[in-house]
Amino acid sequence: QLKSYFASFPLELPNDTIQLAKIIKKNKVFIGNDSGVTHLAAISGCLTIGLYKITNPHIWEIIGPHTYLIKEKDEDKIFNKVTNLLKSRFRVIP
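Computed from a predicted model, the values in this text were never measured in an experiment.

Caption draft 1: Structural view of the side chain of Ser44. By the secondary structure assignment, Ser44 is in helix α3 (residues 36-44). Ser44 gets classed as buried once you look at its relative accessible area, which sits at 14%. Filtering out sequence-adjacent residues up to four positions away, Ser44 remains in contact with Ile24 and Lys25.

Next comes the structure, spelled out in structure tokens:
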């Protein structure tokens, strides 16, 4: 079901890191695991939600103007926390 939902979104494939940063900056939200791309999203100014399932966010914290950290191992709890955060930040149309 999710796969068909996301199939309607355009896919942009960057050629380099600068182009990737420009693509990320155009988005309202970036959700990612503790990775270089998530750190890039955080410094771009895009609302960034960093998921820390294994790594320590106190050591590898994302830094940026609009960042949130979720440290959780249970995937259902991660989903609920992300959903609640997005609902609090954006108007949800039923």
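Caption draft 2: The arrangement of the pattern of salt bridges in detail. Applying the stated criterion to the full structure yields 2 salt bridges. Between Glu75 and Lys53 there is a salt bridge; the shortest N-O distance is 2.6 Å. Here Lys53 lies in the loop between β2 (47-52) and β3 (67-71) and Glu75 lies in helix α4 (residues 75-89), a separation of 22 residues in the sequence. For Lys53, a relative accessible area of 33% gives the class partly exposed.

Caption draft 3: Just the environment of Gly36, in detail. With respect to the helices and strands, the residue Gly36 is situated in helix α3. Relative accessible area serves as the criterion here: at 56%, Gly36 is assigned to the exposed category. Residues Gly36 and Ile62 lie 26 residues apart in sequence; the distance between their C-alpha atoms is 9.5 Å.

Caption draft 4: Focus on the side chain of Thr48. In this structure, Thr48 sits in strand β2. Of the residues examined, Thr48 reaches a relative accessible area of 0% and is grouped as buried. A polar contact is formed between the side chain of Thr48 and the backbone nitrogen of Ala42, at a distance of 3.3 Å. Leave out the neighbours within four places in its chain, and Thr48 touches Phe30, Thr38, Ala41, Ala42, Ile62, His66, Thr67 and Tyr68.

Caption draft 5: How the structure looks around the sheet that holds strand β1 (residues 29-33). The strand order β1-β2-β3 describes an open sheet built from 3 strands, whose pairing is parallel. The open sheet has two free edges, formed respectively by β1 and β3, since each of these has just one partner strand. Each strand of the sheet is rotated relative to its neighbour by a mean of 15°, with strand direction disregarded. As paired elements, β2 and β3 share 5 bridges and run parallel to each other. Within β3, the position partnered with Tyr52 by the bridge is Lys71. Sitting on the sheet, α4 touches β1, β2 and β3, and the angle it makes with β2 is about 165°.

Each value, and the rule that gives it
- Counting restarts for each chain, with residues numbered from 1 along the sequence as it is written.
- It should be noted that, the model being predicted, local features are given only for residues of pLDDT at least 70 and side-chain atom pairs only at 80 or more, the latter also being counted only at that level, while totals for whole chains, interfaces and linings use all residues.
- Working from all heavy atoms in the structure, the side-chain values ignore hydrogens and water.
- Numbering of helices and strands runs from the N terminus; a helix is a DSSP stretch of H or I covering at least four residues, while a strand is a stretch of E covering at least two.
- Only protein chains enter the calculation, and the probe is 1.4 Å; a residue is then buried if its accessible area is under 20% of its type maximum, exposed if over 50%, and partly exposed in between.
- Contacts are assigned to residue pairs with any non-hydrogen atoms lying within 4.5 Å of each other.
- Any carboxyl oxygen of Asp or Glu within 4 Å of a side-chain nitrogen of Lys or Arg constitutes a salt bridge here.
- We define a polar contact as two N or O atoms separated by no more than 3.5 Å, with the added condition that, inside protein, one atom must be a possible hydrogen donor and the other a possible acceptor, whereas residues neighbouring each other in sequence contribute only through side-chain atom pairs.
- Between any two strands, pairing holds if DSSP finds at least two bridges.
- Working convention: axes come from line fits to C-alpha atoms, limited for helices to the stretch in contact. Angles between N-to-C directions cover 0 to 180 degrees.

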